[in-house]
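Remarks on the overall topology
Spelled out, the chains give:
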Amino acid sequence: MSILVTGGAGYIGSHMVLALLEHHHEVVVLDNLSNGSAASLERVAALTGRDVAFIEGDVRDRELLDRLFHQHKIDDVLHFAGLKAVGESVEHPLRYFDYNVSGTVTLCRAMEAAGVRRLVFSSSATVYGDNDTVPYDEALPTGEPTNPYGRSKLMVEEVLRDLARADTRWSIALLRYFNPVGAHPSGLIGEDPLGIPNNLVPYITQVAVGRRDALSVFGNDYPTPDGTGVRDYIHVMDLVEGHLAAMKAIGRRPGVSVWNLGGGRGYSVLDMIQAFEKAAGRKIPYRIAPRRDGDLAQYWADASKAERELDWKATRDIEAMMADAWRWQVNNPGGYAS
Ligand code: NAD
Ligand code: UDP
């Protein structure tokens with residue numbers, strides 16, 4: 001099949017492109033490189049021995065999309081392009097609604113015009129909002145996300161539900177990611193955040209490689225087993241395999257389908273530090289800092305719906321997540337620029 005991957009030069013997208021090529025799909029990537037790197041695609045091409053058609057451009061550019069769909073016969077669209085920094089979304093909400101919501105609407109209009117109606121959307125566990133009922137399963141009502149980034153994901157989910165209600169030819173997967181971490185085991189592609197990492201695992205690996213002094217653990221007074229925040233971490237390779245399974249499933253399923261993509265269990269910040277130290281054989285200096293605004297104490301996925309319906313489950317453990325994240329970081333201390 002021929003797949004359009006928006007945001008394919010980013011962290012998850014580049015791993016997805018690799019997996020698609022390995023599964024013998026044709027791939028077209030659209031990315032404006034606002035947070036991605038063309039080098040990631042060169043490395044994917046080197047790893048797979050296959051070419052990737054790369055178009056540098058914006059998902060909000062309707063004319064470009066029309067040309068793209070005219071030039072390439074696309075079967076499915078995997079839509080990763082968007083902005084994801086929670087703090088920035090609080091400061092610049094319009095930017096987030098423009099990129100994430102308007103971007104998706106423009107993409108869907110171009111897809112509709114081209115007669116392409118299969119879409120896999122990168123949603124997030126953030127759509128469950130501040131929910132005490134863990135684990136989160138897909139039947140839980142969505143909640144009130146605590147920031148504009150989360151709200152943009154929930155808005156897109158609603159837009160896509162309305163679209164599929166209005167035209168039953170659409171098949172759409174809403175994939176709610178928990179916490180994607182890790183890297184391809186080659187150490188050639190991985191997560192390359194701009195500036196100071198917001199997320200736990202890239203922060204840990206940057207401390208270990210000497211780019212940061214110490215990790216701040218945001219709060220140790222949560223009602224969790226060791227007082228630090230608990231999340232459901234999922235290896236990026238498991239995550240992209242979940243997309244392959246979802247793509248296959250929506251080929252047979254009209255309408256909107258929702259699946260959690262998580263590992264189904266929670267780990268605390270201290271668990272993650274310990275797993276890293278074991279995998280990398282080095283100590284992570286850390287200090288306890290105040291809680292981060294908007295953080296929840298704990299959540300993890302009920303991942304059984306994906307297992308039942310997609311015959312998929314995450315299989316890589318936190319040691320593998322940390323070993324792979326570390327291999328990427330130590331081989332590329334400055335990310336793709338090193
Ligand atoms: P990323 O920033 O590494 O990748 C996103 C890519 O999209 C980047 O390469 C960027 O240059 C590109 N992009 C952004 N806006 C664009 C636009 N308007 N037009 C074209 N390209 C554009 O992020 P990621 O971690 O790979 O996340 C991919 C998707 O998954 C995002 O939609 C994100 O919100 C979602 N998601 C990520 C996480 C996570 O923790 N990484 C969790 C839940 C959901
Ligand atoms: N965290 C931390 N220090 C950091 C970054 C994150 O203690 O420098 C904690 C955060 O409070 C949360 C967990 O690590 O409990 C995962 O945070 P991350 O930002 O990676 O993902 P989130 O779940 O917030 O999307």
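Here, the structure is the one placed above.
The subject of this paragraph is the pattern of salt bridges. Tallying each qualifying case throughout the model produces 22 salt bridges. A salt bridge links Arg95 to Glu88; the shortest N-O distance between them is 3.0 Å. Residue Arg95 is classed as partly exposed on the basis of its relative accessible area of 33%. Residue classification places Glu88 among the partly exposed residues on the basis of a relative accessible area of 29%. Across the pair Arg292 and Asp295 runs a salt bridge whose closest N-O atoms are separated by 3.1 Å. By relative accessible area, Arg292 is classed as partly exposed at 36%. Connected through shared salt-bridge partners, Asp58, Arg60 and Asp98 make up one network.

Turning to the side chain of Asn147, a few remarks are in order. With respect to the element layout, Asn147 can be found in the loop between β5 (118–124) and α6 (148–166). One polar contact links the side chain of Asn147 to the main-chain amide nitrogen of Tyr149, over a distance of 3.2 Å. Within polar-contact distance, the side chain of Asn147 engages the backbone nitrogen of Gly150 at 2.8 Å. Non-local contacts of Asn147, meaning those with residues more than four positions away in its chain, are made with Val86, Ser89 and Val90.

Strand order in the open sheet made by the seven strands is β3-β2-β1-β4-β5-β6-β11, with parallel pairing throughout. The open sheet terminates on both sides in strands that have one partner only, identified here as β3 (53–56) and β11 (255–261). Each strand of the sheet is rotated relative to its neighbour by a mean of 20°, with strand direction disregarded. Here strand β2 (residues 26–31) runs beside β3; their pairing, made up of four bridges, is parallel. Considered in β3, the bridge of Asp31 is made with Glu56. Contacts between α6 and the sheet are confined to β5, β6 (171–177) and β11, with β5 contributing the most and set at about 155° to the helix.

What follows concerns unusual backbone geometry. The omega angle of the peptide bond from Val134 to Pro135 is -5°, so this bond is cis rather than trans. In the Ramachandran plot, His24 falls in the positive-phi region, its phi being about 65° despite a non-glycine side chain. Its location among the elements puts His24 in the loop between α1 (11–22) and β2. With relative accessibility at 67%, the residue His24 sits in the exposed group.

Before going further, it helps to examine the site of ligand 2. Near ligand 2 lie 15 residues; those nearest to it are Leu200, Ser216, Arg231, Arg292 and Asp295. Within the backbone of Phe218, an N or O atom sits 2.9 Å from an oxygen atom of ligand 2. Within the side chain of Arg231, a nitrogen or oxygen atom sits 2.7 Å from an oxygen atom of ligand 2. Computed on the free molecule, ligand 2 has an accessible area of 520 Å², of which 88% lies beneath the protein chains in the complex. Among the elements that make up the shell around ligand 2, the one with the highest residue count is strand β8 (residues 215–218) (four residues). Its residues assigned to classes, the shell around ligand 2 shows seven nonpolar, five polar and three charged.

The next point concerns empty space enclosed by the protein. The final tally for this structure, using the stated rule, is one cavity of 30 Å³ or more. Here the largest cavity is characterised by a volume of approximately 110 Å³. Taken together, 13 residues make up the lining of the largest cavity; nearest its centre are Glu191, Pro202, Thr205, Trp328 and Gln329. Mapped onto the lining of the largest cavity, the elements with two or more residues apiece are α7 (200–208) and α11 (318–331). Ranked by the residues each element gives to the lining of the largest cavity, the list is headed by α7, at four residues. Classifying every residue of the lining of the largest cavity by side-chain character gives five nonpolar, five polar and three charged.

This part is about the packing of aromatic side chains. In total, this model carries six aromatic pairs according to the counting rule given. Taken together, the ring pairs connect Tyr128, Tyr136, Phe178 and Tyr299 into an aromatic cluster. Sitting over the face of the ring of Tyr99, Arg60 holds its NZ or CZ atom 3.8 Å from the ring centroid.

Within the secondary structure, Phe276 is located in helix α9 (residues 269–280). Not counting the four nearest positions on each side in its chain, Phe276 is found in contact with Ile204, Thr205, Ala208, Gly281, Arg282, Ile284, Met322 and Trp326.

Rules used in this analysis
- Residues numbered from 1 in each chain as written.
- Chains lettered and ligands numbered in written order.
- Predicted model: local features only at pLDDT ≥ 70, side-chain atom pairs only at ≥ 80, totals over all residues.
- Heavy atoms only, no water.
- Salt bridge = Lys/Arg side-chain N within 4 Å of Asp/Glu carboxyl O.
- Buried < 20%, exposed > 50% of the residue type's maximum accessible area, 1.4 Å probe, protein only.
- Helix = DSSP H or I, 4+ residues; strand = E, 2+ residues; numbered from the N terminus.
- Polar contact = N/O pair within 3.5 Å; in protein donor to acceptor, adjacent residues only side chain to side chain.
- Contact = heavy atoms within 4.5 Å.
- Pairing = 2+ DSSP bridges.
- Axes fitted to C-alpha atoms, helices over the stretch in contact; angles between N-to-C directions.
- Near = heavy atom within 4 Å.
- Areas by Shrake-Rupley, 256 points an atom, 1.4 Å probe, with all protein chains shown as cover.
- Nonpolar A, V, L, I, M, F, W, Y, C, P; charged D, E, K, R; others polar.
- 1 Å grid on protein atoms, 1.4 Å probe; cavity = no way out; pocket = protein on both sides within 12 Å on 5 of 7 lines; lining within 4 Å.
- Points joined across faces, edges and corners; volume = space filled by probe spheres on them.
- Phe/Tyr/Trp six-rings, centres within 6.5 Å; stacked < 30°, edge-to-face > 60°.
- Lys NZ or Arg CZ within 6 Å of the ring centre and 35° of its normal.

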